[in-house]
Amino acid sequence: MAESRRRLRSSTVVLGGMGVLAAALTSCGSDPDRRCVDRDSYDYTNGYKVVADKNCTTSGTTSGSRGKGGKSRADADWYYDADVSGGYADYGTFSRSEAVDRGGFGCSGSGSSGG
């Protein structure tokens with residue numbers, strides 16, 4: 001009976017260690033989390049309103065372009081590494097390179113470089 005407990009404990013430690021290792025490896029190599037937000041919707045309490053991804057383009061903002069039927073779309077842009085709650089995103093950045101520089105657990109070269 002004591003041996004089965006010992007095995008359970010050691011397998012739990014191994015599995016837990018593998019989870020930490022997997023998190024460390026994926027945090028460095030993956031793109032930062034991003035949300036499409038309306039830049040004109042900032043609310044001091046909540047942050048930016050999250051809008052549909054189709055409003056954001058890969059090259060940047062839509063700058064109030066007109067969609068089908070002449071309706072004006074939101075001034076939308078990608079907002080990286082934000083805290084998202086209740087359809088709003090806050091405490092992130094519009095700079096993809098800054099979000100990547102923040103890095104994750106175990107990443108080399110994270111943070112800003114001085115010059």
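In this text, all values refer to a predicted model and were calculated from it rather than measured experimentally.

1. Details of the overall build of the protein chain
At step 1: Helix and strand counts for the protein chain come out as two helices and five strands.
At step 2: Along the protein chain, from the amino end to the carboxyl end, the secondary structure elements read α-β-β-β-β-β-α.
At step 3: For the protein chain, the residues scored as buried account for 23% of the 115 residues in total.
At step 4: If you take every contact in the protein chain between residues at least 6 apart in sequence, the share linking residues at least 24 apart comes to 41%.

2. Remarks on the environment of G92
At step 1: With respect to the helices and strands, the residue G92 is situated in the loop between β5 (88-90) and α2 (96-102).
At step 2: With 57 residues separating them in the primary sequence, G92 and R35 have C-alpha atoms 9.6 Å apart.

3. Brief notes about the state of the cysteines
At step 1: Applying the stated criterion to the full structure yields one disulfide.
At step 2: Covalent S-S linkage joins C36 and C56, the inter-sulfur distance amounting to 2.0 Å. Every disulfide takes its handedness from the sign of the S-S torsion; for C36 and C56 that torsion is 95°, giving right-handed. Taken as a pair, C36 in strand β1 (residues 34-38) and C56 in the loop between β2 (48-49) and β3 (76-80) lie far apart in primary sequence, 20 residues in all. Note on accessibility: C36 and C56 belong to one class, buried.

4. Some points on the nonpolar core
What tends to happen in soluble globular proteins is that the nonpolar side chains get buried as a cluster.
At step 1: Counting residues in each nonpolar core, the largest one holds seven residues, listed as C36, V51, C56, A76, W78, Y80 and A99.
At step 2: Residue contributions to this core peak at three residues, all from β3.
At step 3: What V51 contacts, discounting residues up to four positions off in sequence, is C36, V37, D38 and A76.

Parameters and conventions
Residues numbered from 1 in each chain as written. Predicted model: local features only at pLDDT ≥ 70, side-chain atom pairs only at ≥ 80, totals over all residues. Heavy atoms only, no water. Helix = DSSP H or I, 4+ residues; strand = E, 2+ residues; numbered from the N terminus. Buried < 20%, exposed > 50% of the residue type's maximum accessible area, 1.4 Å probe, protein only. Contact = heavy atoms within 4.5 Å. Disulfide = S-S within 2.5 Å. Core = buried A, V, L, I, M, F, W, Y, C linked by side-chain atoms within 4.5 Å.

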